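Residues per chain, in single letters:
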Amino acid sequence: MTETHATIPPGTPVFPPGRYGRRRQPGRRRPLLAALLAVVLVALLGLVALRLYRQYGDPNYQAQVITYTDITDTQVLVNFRVTVPDGGSAVCVLRARDRAGAEVAREEVTVTAPPGERQISTVHRLATSGRPFIGEVLRCRPAS
């Protein structure tokens, strides 16, 4: 059977019979497969987000700078408080910056809370390569 102009809707191309092979029928949609793939993707993204939160976003380790004093050309004393789980330890990254904002010192400090305590207040002398303007605690994380 050949196609004639009477059986073809206007605007569709007419191909010679047998020249281009068999014409494809419109495909069947598979909404169940698409929904299943979407659920798997959301589950994988949730697992990645949970892992990253556990690695970088632990709210149990919070630091607060109380004061930074004794500023000289070679040092600054940083007085800070860290909240940890009961009797836990934390590694905190301290840094000092000069008036222009350039980093003049960076150091990791390990602090440990006494048994039954959640907060640690400590003073640390940060040796600098230039005159600091500010001393700060960047972040604290669980001690390894």
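Numbers given for residues are sequential positions, taken from 1 along each chain in its written order. Since the coordinates come from a predicted model, pLDDT governs what is reported: local features require at least 70, and pairs of side-chain atoms require 80 or more to be given and counted, while whole-chain, interface and lining totals use all residues. In computing side-chain properties, one takes all heavy atoms of the structure into account and sets aside hydrogens as well as water.

### Observations concerning the pattern of salt bridges
Part 1 of the reasoning: When a carboxyl oxygen of Asp or Glu lies within 4 Å of a side-chain nitrogen of Lys or Arg, that pair is called a salt bridge. Considering all chains together, one arrives at 6 salt bridges under this definition.
Part 2 of the reasoning: Residues Arg 95 and Glu 103 are paired through a salt bridge, measuring 3.7 Å at the closest nitrogen-oxygen approach.
Part 3 of the reasoning: Among the residues examined, Arg 95 registers a relative accessible area of 19% and is labelled buried.
Part 4 of the reasoning: Residue class for Glu 103 comes out partly exposed when judged on its relative accessible area of 39%.
Part 5 of the reasoning: For Arg 95, the salt bridge is made with Glu 136, and the minimal N-O distance between the two is 2.6 Å. Within this pair, whereas Arg 95 is found in strand β3 (residues 89-97), its partner Glu 136 is found in strand β6 (residues 134-142), the two being separated by 41 residues in sequence. An identical accessibility class is assigned to Arg 95 and Glu 136; each is buried. Each residue's exposure class comes from its accessible area (1.4 Å probe, protein chains only) as a fraction of the maximum for that residue type: buried when under 20%, exposed when over 50%, partly exposed otherwise. Helical segments are the DSSP runs of H or I of at least four residues, strand segments are the runs of E of at least two, and each set is numbered from the N terminus.

### Here's the deal with the side chain of Thr 128
Part 1 of the reasoning: Structurally, the position occupied by Thr 128 is in the loop between β5 (119-127) and β6.
Part 2 of the reasoning: Any two residues whose heavy atoms approach within 4.5 Å at even a single point are treated as in contact. Among all residues touching Thr 128, those that are not within four sequence positions of it are Asp 73, Thr 74, Gln 75, Val 76, Ala 96, Val 104 and Ala 105.

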